[in-house]
Amino acid sequence: MKTRREFLKTSLAAGAVLSLGGLERLFSAEPTGTTASATPAGGGAGGRTVLVAVRDGERAAMLDRALAEWGGMKAFVKPGQTVLVKPNIGWDVPPERGANTHPELVRRIVELCYEAGARSVQIFDNPVDEWRRAYETSGIEAVAREAGATMINGKDESLYRKVRIPRGQKLQEAEVHRLYLDADVVINVPVLKTHGGARITACLKNLMGVVWDRRAYHRLDLHQCIADFPTLRKPELNILDAYQPMVRNGPRGRSADDCVVMRTLLVSPDPVAVDAAGARMLNLEPDQVAHIPLAARMGLGTADLDRVDIRRIRLG
C-alpha cells in the first residue's frame, strides 16, 4: 500500500504530465516566422487577433522576442505617455512559489517602457495578503524601483473612484483605482495558475486587482463580473507569465512543487485570446473556464483559438 508521501509524488508527476501535454497542444502547429503585419490593435492576416506564444527562453528574452512581432514596445507606448503596469502581487510569498508575477518580467517591462519614451511607469495591486509584505516578498517592489518605476499603495481607498461599468450585467458599478482609469497605457501582467473558484487566473481575472471591493465579484457572480469589468477599459497589452504555472492549490499554492516549469510567455492586445491559450496550457478548453466565453460573447476578444493568428516561437 502506498504511503501518503508516495501518493502525493505520483499525483504531482501525473499533474505535470497533463500540464505539459497542454503546452504541447498549444505549440502543436508549425512555428511561424516574424511578420510585420501585426498591429497594436491585434490585427494579423485577414484581420485576425495576433497572439505571440514564445517558449524555451528566459523571461526577458521571451518578452523581447514576442514584442518584436509588433516592432517592439514602441508600438504600445509612445513618448511622453504614462504607463500602468499591473502584475499579480496578491500574495506574501517568494517568486519561486509562482503565486505572483515574476519580478524579472516586471523589471524588463519597465525598462522597455522607458526605452519607448514613457514619461512615468507606475505599478500597484490590491493584494489579498498584507500589501507591504506582498510587495516586498514578491520581489516586485525592489526591481520596480531599480528600473525607475513607482510602486503605488493599492490599499488606499482614497485612490479609488466609483464608476459605472458600461455593459456590466452583474458588476454594474465599482470603485476602481485612479491609475487604471487615468493612465495612457495599461499593461496587464498576470501569472498563469489554477484557481479554486475561477478555475484559472490569467489576464481577465488579474483585473480584479484594480477594484477596491474584490469580494463583490464573489457575492454577485464571479465569472460574469470578471467578464463585465473590461467593458470599462481593456488593457492595451496583456503579457501572461507562464514560465512556471501553478497547476494545483491555486491561487496561493503551498510550495514550489505546485508549479510546473513550462518556460512560456503569451502576449497579445486581446486578453480573451491569451486566457484561452493559457487555459489550454493547463489542459483545459476555453469553454471550461466560464468567464472566457462570457467575455468573448461581450465582444472583448476571441476565445476560439482556431480564429487567432498564433505566432509560435521557440527560442531553445
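One structure accompanies this document, and this report is about it. One numbering rule holds for all chains: residues counted from 1, following each sequence as written. This being a predicted model, a pLDDT of at least 70 is required before a residue's local features are given, and a value of 80 or more before pairs of side-chain atoms are given or counted; all residues contribute to the totals for chains, interfaces and linings. Values reported for side chains reflect all heavy atoms of the structure, with hydrogen atoms and water molecules removed beforehand.

### So, the overall build of the protein chain
Then, number 1: Counting secondary structure elements, the protein chain contains 11 helices and 12 strands.
Then, number 2: With a 1.4 Å probe rolled over the protein chains alone, any residue whose accessible area is under 20% of its type maximum counts as buried; one over 50% counts as exposed, and the rest are partly exposed. In the protein chain, which comprises 316 residues, the proportion classed as buried is 59%.
Then, number 3: Whether two residues touch is decided by their heavy atoms; if any such pair falls within 4.5 Å, the residues are in contact. Long-range contacts, defined as pairs at least 24 residues apart, comprise 75% of the intrachain contacts of the protein chain with a sequence gap of at least 6.
Then, number 4: When the accessible surface of the protein chain is totalled, it reaches about 12700 Å², and 49% of it is carbon and sulfur. Numbering goes from the N terminus for both helices and strands, where a helix is a DSSP run of H or I of at least four residues and a strand is a run of E of at least two. Surface accessibility in these figures is a Shrake-Rupley result with a 1.4 Å probe; residues are shielded only by whichever protein chains are displayed.

### A closer look at the nonpolar core
Then, number 1: If you look at the biggest cluster of nonpolar residues, it comprises 101 residues, and the most contacted ones within it are M73, V77, I109, I123, I187, F229 and I239.
Then, number 2: Setting aside anything within four residues of it in sequence, one finds M73 in contact with L67, I109, L112, C113, A116, I187 and L237.
Then, number 3: The criterion is simple. A nonpolar core is a set of buried Ala, Val, Leu, Ile, Met, Phe, Trp, Tyr and Cys residues joined through side-chain atoms within 4.5 Å. Counting five residues, the second largest nonpolar core, distinct from the first, contains W91, V93, M246 and C259.

### Some thoughts on the pairing of strand β2 (residues 82-87)
Two faces, one strand: in a regular strand the side chains alternate between the faces of the sheet.
Then, number 1: Here β2 lies mainly inside the structure; six of its six residues are buried.
Then, number 2: Neither face of β2 is left uncovered, since the one carrying T82, L84 and K86 and the one carrying V83, V85 and P87 both have all their residues buried.
Then, number 3: With its strands directed away from the observer, a crossover is right-handed exactly when the path from the first strand over the helix to the second travels clockwise. Handedness of the β-α-β unit built from β2, helix α3 (residues 103-115) and strand β3 (residues 120-123) comes out right-handed.
Then, number 4: Strand pairing requires that DSSP identify at least two bridges connecting the strands. Pairing between β2 and strand β7 (residues 185-189): five bridges, direction parallel. Paired with P87 across the two strands is V189, which belongs to β7.

### Quick look at the packing of α3 against helix α5 (residues 140-147)
Two quantities define a packed helix pair, namely the angle between the helix axes and the distance between the axes.
Then, number 1: Throughout, an axis means a line fitted to C-alpha atoms (over the contacting stretch in the case of helices), and angles, computed between N-to-C directions, take values from 0 to 180 degrees. Interaxial distance between α3 and α5 falls to 9 Å at its minimum, and their mutual angle equals 20°. Taken together, the axes of α3 and α5 are roughly parallel relative to one another. For the element pair α3 and α5, the recorded crossing hand is right-handed. Across from P103, E104, V106, R107, V110, E111 and Y114 in α3, the residues of α5 making contact are I140, V143, E146 and A147.
Then, number 2: Residue classes follow a fixed rule: Ala, Val, Leu, Ile, Met, Phe, Trp, Tyr, Cys and Pro count as nonpolar, while Asp, Glu, Lys and Arg count as charged, and any other residue, Gly among them, counts as polar. A breakdown of the residues in the contact of α3 with α5 according to their chemical character gives seven nonpolar, no polar and four charged. Our angle categories are set so that under 35 degrees counts as roughly parallel, over 145 as roughly antiparallel, 65 to 115 as roughly perpendicular, and the remainder as oblique. The handedness criterion is simple: a crossing whose near helix is rotated anticlockwise from the far helix by less than a right angle is left-handed, and one whose near helix is rotated clockwise is right-handed.

### Brief notes about the packing of aromatic side chains
Then, number 1: Any pair of Phe, Tyr and Trp rings, taking the six-membered ring for Trp, is counted once the centres come within 6.5 Å. Such a pair is stacked with planes under 30 degrees apart, edge-to-face with planes over 60 apart, and tilted for the rest. The final tally for this structure, using the stated rule, is four aromatic pairs.
Then, number 2: Note on Y180 and F229: the rings are 5.5 Å apart at their centroids and 40° apart in plane angle, and the pair reads as tilted. Here the residue Y180 occupies a position in helix α6 (residues 178-182), and F229 occupies one in the loop between α9 (222-228) and β10 (237-246), the gap between them amounting to 49 residues. With respect to class, Y180 is no different from F229; both count as buried.
Then, number 3: The rule is short: NZ of Lys or CZ of Arg within 6 Å of the ring centre and within 35 degrees of the ring normal puts a charge over the ring. Over the ring of F27 we find R55, and its NZ or CZ is 5.1 Å from the ring centre.
Then, number 4: One residue, R59, lies across the ring of Y243, its end atom 3.9 Å from the ring centre.

### Structural notes on the packing of helix α2 (residues 59-67) against α3
Then, number 1: Following both chains from N to C, one finds α2 and α3 inclined at 45°, their axes separated by 9 Å at the closest point. The orientation of α2 with respect to α3, classified from their angle, is oblique. With respect to the hand of their crossing, α2 and α3 are arranged in right-handed fashion. Two secondary-structure elements touch here, α2 through R59, A60, L63, D64 and L67 and α3 through L105, R108, I109 and L112.
Then, number 2: A class-by-class count of the residues in the contact of α2 with α3 yields six nonpolar, no polar and three charged.

### A few points about α5
Residues three or four positions apart in an α-helix share a direction because the helix packs 3.6 residues into each turn.
Then, number 1: Taken residue by residue, α5 has I140, E141, V143, A144 and A147 as its buried positions.
Then, number 2: Looking at the buried side of α5, the elements it contacts are β2, α3, β3, α4 (131-137) and β4 (150-151).
Then, number 3: Where α5 ends, the next residue or the one after it, G148, has phi of about 100°, a positive value.

### A short note on unusual backbone geometry
Then, number 1: Of the consecutive residues G250 and P251, the connecting peptide bond is found in the cis state with omega at 15°.
Then, number 2: Looking at the secondary structure, you find P251 in the loop between β10 and β11 (264-268).
Then, number 3: One non-glycine residue with positive phi stands out, namely R263, at about 50°.
Then, number 4: Tracing the backbone shows R263 in the loop between β10 and β11.
Then, number 5: With a relative accessible area of 27%, R263 lands in the partly exposed category.

### A few points about α3
Then, number 1: Under the 1.5 Å per step criterion, the end-to-end length of α3 is 18 Å for 13 residues, consistent within 8% with the ideal 18 Å.
Then, number 2: Of all the residues in α3, the buried ones are P103, L105, V106, R108, I109, V110, L112 and C113.
Then, number 3: In the segment just after α3, G117 is the residue with positive phi, at about 105°. By this rule, a helix spans an expected 1.5 Å times one less than how many residues it contains.

### Here we look at the pattern of salt bridges
Then, number 1: Counted as salt bridges are all cases of a side-chain nitrogen of Lys or Arg within 4 Å of a carboxyl oxygen of Asp or Glu. Counted according to the given criterion, the structure contains 28 salt bridges.
Then, number 2: Put simply, R233 and E236 hold a salt bridge, and the shortest N to O gap is 3.2 Å.
Then, number 3: In this structure R233 comes out as buried when scored by relative accessible area, which is 15%.
Then, number 4: E236 sits in the partly exposed class, given a relative accessible area of 28%.
Then, number 5: Because the salt bridges share partners, they merge into one network encompassing E24, R55, D56 and R314.

Geometric values such as these leave the question of function open.
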